[in-house]
Structure formats: C-alpha cells, structure tokens
Amino acid sequence: MARIANRFDPRLARRKMVGGIFYGVFFAAVLVSIISLFVLLIQTAVEGLPWLDFDFLTNYMSRKPELAGIKAAIMGTLITIVFTALFTVPVGVGAAIYLEEYAPKNRLTQIIEINISNLAGVPSVVYGLLGLGVFVQLMSLGKVVLAGALTLGLLVLPIVILASREAIRAVPNEYRLGAFALGADQWQVIKGAVLPSALPGILTGTILALSRAIGEAAPILVISGLVYVTFVPGPLDRFTVMPLQIFTWVGRPQEDFRSLAAAGIIVLLIILLSMNAIAVLVRNKYQTRSED
Amino acid sequence: MNYAAPIFKVNRLNLFYDAFRALNNIDMEIRRYSITALIGPSGCGKSSLLRCFNRMNDLIPTARIEGEVLFEDADLYSPNVDATEIRSRIGMVFQRPNPFPKSIYDNVAFGLKINGYQGEMDEAVERSLRQAALWGEVKDRLRNSALDLSGGQQQRLCIARALAVEPEVILMDEPASALDPIATLAIEDLVRELSERYTIVIVTHNMQQAARVSDETAFLMVGEDRAGYLVEHGETNQIFTNPKNERTEAYITGRFS
C-alpha cells in the first residue's frame, strides 16, 4: 500500500539485512564459547582417557609416568576442602546473617558491603600471598593443609557471604513479621523463620564456592610450593591438591606426563561437575517443595 | 479484673516515620471482649495504628511515637516493657496469609516452643486448630506442608498459630482481603466466635465486613498533612445508621473513598 505523502523511507530490506547480521554475530558468539568448550573436552578426553584407570586413582606420585597416580592430590583436595568448609561456612553464613538481620542500615554497613563485593574480585594469587604471610609465617602453621584450607576459606568467603545474603534477603519479610508477632526474639526469628527458608540457597551458594576453591591452583602453589607427596596428608602435613598436581605434570618435559595431566583434569572435572550437579539438585528439590 | 474497663487506652498518640507524621493525636479506647473495626480510606493510618497495639512498629527503625498506649492500664511503651513479651500476649494476623514453610503442626507449635510452653504440645496444637475451625480439615495431614493449604485455610492456620500462645488480644490487619468471598465468610464467622474469649481489633477496607462482624467501629481519615486522624468511634450500629460526623456519613454511604 503506497503512502499518500511519502515522508517515510522505511528501507525494509536494509533493516532486515542489518537485523540478520546482528543475529549472526550473536549466534557466532555463542558458538565460540560452546565450540571451545567441546574442543577442550574432546582433546582432554582423547589424551587422558587411556591413562585413566584404577591404578591412576590409587597410586601416589612417581617419577615413572606409568606408575604415577593422583591419590595424594585427590586426598589432599578432599581434606583441604573439608577444612575450608569448616572455616568458611560458619564465618560466611554468620557474616551474612549479621549484615542482613542485625546490622543497622548506615554508612559503615554500606562500606563493609561494598568491600565484601570487592574482595570477591581480588585475584586468588593475592590470597595465596596473604595466606603465606599470615597462616604459614605469622601463625607458624607451616606449609600444611590447614594453612591452605584457611587461605582457600578466605578466598571463597566473599562468595559464601554474598550467596548467603542473597538467600536470606529472598526470605519473604512476612515470615519474619509472623514470627515476631508470636513473641519471637531476633534470634528465634532467624532460627525458626529465616534460616529454614534460606538454607537451600545458602547450601547451593556454598557448594559452588567450594567447587571454585577446589579448582584453585595459584594460592596453593604459593602456600605449599611443589612438593612430592607420597602419603595421605593430615591437617598438619605437607600436601598437594589436584590442580597443583596437574600443573606439575604439565610442566614436565616428557609427553607422557602431559597425558597424565589430561587424565587428572578429567578426574577434577568429574568432581567439579558432580558438586555443581548436587547444588542444582538441592536447589530444585527445595524449589518444588515450596511451590507445592 | 474489671471487665467494664477498656483493655487499651490510647492517649494523644502521634506516630512518626522519620519526620513524616502518620497518626495525628489519636484518642480512643478498646473495649474488652469486643470486636473493634478500624475503617477508613487508604493511607489513613489504620494499619499503622493497629501495629501500635503490639509494638510491631518497633521493627521499623524510623518509627517513633509520642503520647501513650495503655494496655491493662500499663504504658505499653515504657522502657521496662519487653516488646517480645507483649507480642505473645497481643497476637496478630496479617493481610496476606503468611504460614511458615513448615508443616501444619509445626506452624502452630512454633509459637508454643519459642514461648517455652510447658503443657502437652499435641493437645495445644489440636485445641488451637479446633478454635480456628480448621481441625476437621487438617487433622489427617498435620505433617503436610502448610503451603499445601488453600488461602482461606492458610489464614485460619495463621489464626490458630496466634491463638496457640494464648493471647489476650488478637489484632487483624485486613485478614480476609486476599481471600475469596466464601473463605471471607468463614473468617468472619470465626472472628465472631473468637470474640467471646478474646478482644479483637480488626482493620478492614470492606465496610460491609465492618458492619457484619464488629461491635464498635472507629473511622479514620487522612488530614491535609497526610496524617491519619480519628473522626468518629462508636457502636457499629450507630456509626452505620446514625453517624454523628458528616464525614463519616459521606464515607459509609460511598460519597468519597
């Protein structure tokens, strides 16, 4: 249909073409990330899978690639993360509860909040140096699991705090008012009405934060250095963790050790993806329950 | 106890949120074992006034009052009165049903536990649910989530939860405004029944509801300065059939809202 006065130049064809180009650009952006992920996974699998067997999981380190295993690193990672959780969960959730439920809304609280968000962006190697200075040297813990666990704990503390705060903030205020109206005091309100509702969110955030800690090599490298561990470490023993073990193997000149690194990456990925899956399951389970 | 004496006396009450005055010089008395309805247009401060009776306004950091509220002739806002203790004696039911995301049983038991109830828990839960006319509907599924209940059932559960701690007064903030007409009638019947044993103050938007359930009605309006003030307070019958104030008459006949 022709317009009566031609004061418009719609240029429909051109607009469609521009739209099409942008569609293509954005789709390509998605492809880049997906494809690179798959290339990475496939390359790792091809290289590492032949080396991935039961012996690999149960052997300690060795100078001979065919005898080398990742047991010390797996156990080091597990025990480190347990102590990390023991430290970071109570402190992180406690800080979140304070900030959300107790802290007056004033300038000081604001400054604290901003700084916690900033801390979440500090490079992990900086935390390594902090841990080296404070836990290893000042507190004379030595280059042990506990020092590494506390360092990782500090590293993910801001994440735990932020996730917990978000979960606590998502609790409808009506629950708090309902509990207050029954004569509950502040702590009873938190314990009885806030935390039960916030728990799934707190758990999810905590698991994701811990899986971040499991993947960190840099701070542990600073804390423990490259050590040759042929035992299951206790909290006050020297230790290594999986990313660090992988890092060590990648640095070896022999081709076989690089394949070992790939096998280690597969194990690490399986652990991380399982943790993320658990986090998703926890979230879904409680979501459906509260919507029923 | 002198049953003729009012349970609440409000003397020259002003409520501020920061510099904003929400209530202007309220004087009123609440009669024991009666239902007092607070009505008035939106923003007239009727909910704010209701929250002065159990110190829920304390939870708003900027809120501050002048004047006094006497509960059983004792100043509710005196420094040696514990707001937590007061709230277990003066229960509250909110506009939107707000059961905790726990089981039906645990919802009722919550108030009992936090207040250190010494008696038999199961009995108290059953008694409260019966009083709230909910027992028959839920007795076979006490362990189910309270969120599985319908809106009307949830609100009666909230009433049961409030009754469990054996309050003397129940404050209701538009308790039926989120419910359908049938659930609303159930709540109204329940309110009438409860008034034999409790003093009830109910905020409502719905004038028919005020006329149906209440013994006394207080009409509030918004002043020029946006502060709510009390226009008229009397027997519900008198307020609705023979209001003394022309603004009351204009409001109840729907000439403005």
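It should be noted that the structure appears before, not after, this text.
The present account deals with the structure reproduced in this document. As a convention, each chain's residues are numbered from 1 in the sequence order in which they are written. Working convention: letters from A go to chains and numbers from 1 go to ligands, in the order in which they are written. Given that this is a predicted model, residues contribute local features only at a pLDDT of at least 70 and side-chain atom pairs are listed and counted only at 80 or more, while totals for whole chains, interfaces and linings are drawn from all residues.

This part is about the overall build of chain B. By the criteria applied, helices consist of DSSP H or I runs no shorter than four residues and strands consist of E runs no shorter than two, each listed in order from the N terminus. Of the regular secondary structure elements, chain B holds 10 helices and 10 strands. Throughout, the radius of gyration refers to the C-alpha atoms, and the reference size of a globule is 2.2 Å times the residue count to the power 0.38. A compact globule built from 257 residues would reach a C-alpha radius of gyration of about 18 Å, and chain B, at 18 Å, matches this within 12%. The principal-axis extents of the C-alpha atoms in chain B amount to approximately 55 × 45 × 35 Å. Here chain B holds 257 residues, and 45% of them are scored as buried. Three classes are used. A residue is buried when 20 or more other C-beta atoms lie within 10 Å of its own, exposed when 12 or fewer do, and partly exposed in between, with C-beta atoms placed from the backbone.

Turning our eyes to something else, we now look at the overall build of chain A. Each helix and strand counted, chain A has 11 helices and zero strands in total. In chain A, the order of α-helices and β-strands from amino to carboxyl end is α-α-α-α-α-α-α-α-α-α-α. With the C-alpha coordinates aligned to their principal axes, the bounding extent of chain A is approximately 85 × 65 × 40 Å. Out of the 292 residues belonging to chain A, those deemed buried represent 38%.

Residues and elements named next belong to chain A. Mapped onto the secondary structure, Ser259 falls in helix α11 (residues 255–291). Expressed as a C-alpha distance, the spacing of Ser259 and Pro50, which sit 209 residues apart in the sequence, is 8.5 Å. Our contact criterion uses C-beta atoms placed from the backbone: two residues qualify when those atoms are within 7 Å. Apart from the residues lying within four places of it in its own chain, the contact partners of Ser259 are Glu47, Gly48 and Trp51.

Turning our attention to the interface of chain B and chain A. A common measure of how large an interface is: the accessible area buried when the components associate. In this complex, chain B contributes 25 residues to the contact, which on the side of chain A involves 18 residues. Mapped by element, the contributors of at least two residues to the side of chain B that touches chain A are α2 (83–89), β6 (90–93) and α3 (104–114) of chain B. Sort the elements by how many residues they give to the side of chain B that touches chain A and α2(B) lands first, with four residues. Of the residues belonging to the side of chain B that touches chain A, the class tally is 11 nonpolar, eight polar and six charged. Three residue categories are used. Nonpolar comprises Ala, Val, Leu, Ile, Met, Phe, Trp, Tyr, Cys and Pro, charged comprises Asp, Glu, Lys and Arg, and polar comprises the others, including Gly.

Another aspect to go through is unusual backbone geometry. Residue and element names in this part refer to chain B. Unusually for a residue other than glycine, Glu72 sits at a positive phi of about 50°. Looking at the element boundaries, Glu72 is found in the loop between β4 (63–71) and β5 (74–75). The residue Glu174 is not glycine, and still its phi comes out positive at about 45°. When you line up the elements, Glu174 lands in the loop between β7 (169–173) and α7 (181–194).

Moving on: the pairing of strand β3 (residues 35–39) of chain B. Residues and elements named next belong to chain B. With five of five residues buried, β3 is to be regarded as a mostly interior element. Here β3 shows a buried face lined by Ile35, Ala37 and Ile39 and a second buried face lined by Thr36 and Leu38. When DSSP finds at least two bridges between two strands, those strands are taken to pair. Looking at chain direction, β3 and strand β8 (residues 199–203) are connected through four bridges and run parallel. Each bridged residue has a counterpart across the sheet, and for Leu38 the counterpart in β8 is Val203. Two strands pair when backbone bridges link them, and β3 and strand β9 (residues 216–222) are joined in this way by four bridges, in the parallel orientation. Paired with Ile39 across the strands is Phe219, a residue of β9.

Here we take up the pairing of strand β2 (residues 20–30) of chain B. All names here are of chain B. Where strand β1 (residues 8–17) and β2 come together, seven bridges link them in antiparallel fashion. Across the sheet, Leu13 pairs through a bridge with Ile26, a residue of β2. Between β1 and β2, which pair antiparallel one after the other, the connecting turn spans two residues, and Asp18 there sits at a positive phi close to 55°.

The next point concerns α3(B). Within α3(B), nine of the 11 residues are buried, which leaves it mostly tucked inside the rest of the structure. Looking at the buried residues of α3(B), the elements they touch are α8 (186–214) of chain A together with α4 (121–131), α5 (135–138) and α6 (151–164) of chain B. A positive phi of about 65° marks B:Gly116, the residue just after α3(B).

Every α-helix carries 3.6 residues per turn, so stepping three or four residues along brings you back to the same face. With respect to burial, helix α10 (residues 242–251) of chain A is a largely interior element, seven of its 10 residues being buried. If you check which residues of α10(A) are buried, you get A:Met242, A:Pro243, A:Leu244, A:Gln245, A:Ile246, A:Thr248 and A:Trp249.

A word on the environment of A:Gly215. All names here are of chain A. Looking at where Gly215 falls in the secondary structure, it is placed in the loop between α8 and α9 (218–224). In this structure Gly215 comes out as partly exposed when scored by C-beta crowding, with 16 C-beta atoms within 10 Å. Sequence spacing of Gly215 and Val46 is 169 residues, and the spatial spacing of their C-alpha atoms is 21 Å.

This part covers the environment of A:Arg165. All names here are of chain A. Inspection of the secondary structure puts Arg165 in helix α6 (residues 145–169). On the basis of neighbour counts, which here come to 24 C-beta atoms within 10 Å, the residue Arg165 falls in the buried class. Sequence-wise, Arg165 and Ala261 are 96 residues apart; in three dimensions their C-alpha atoms are separated by 38 Å. Here Arg165 is in contact with Ala96, Leu99 and Glu100, once residues within four sequence places are set aside.

All we've got here are geometric facts, nothing functional implied.
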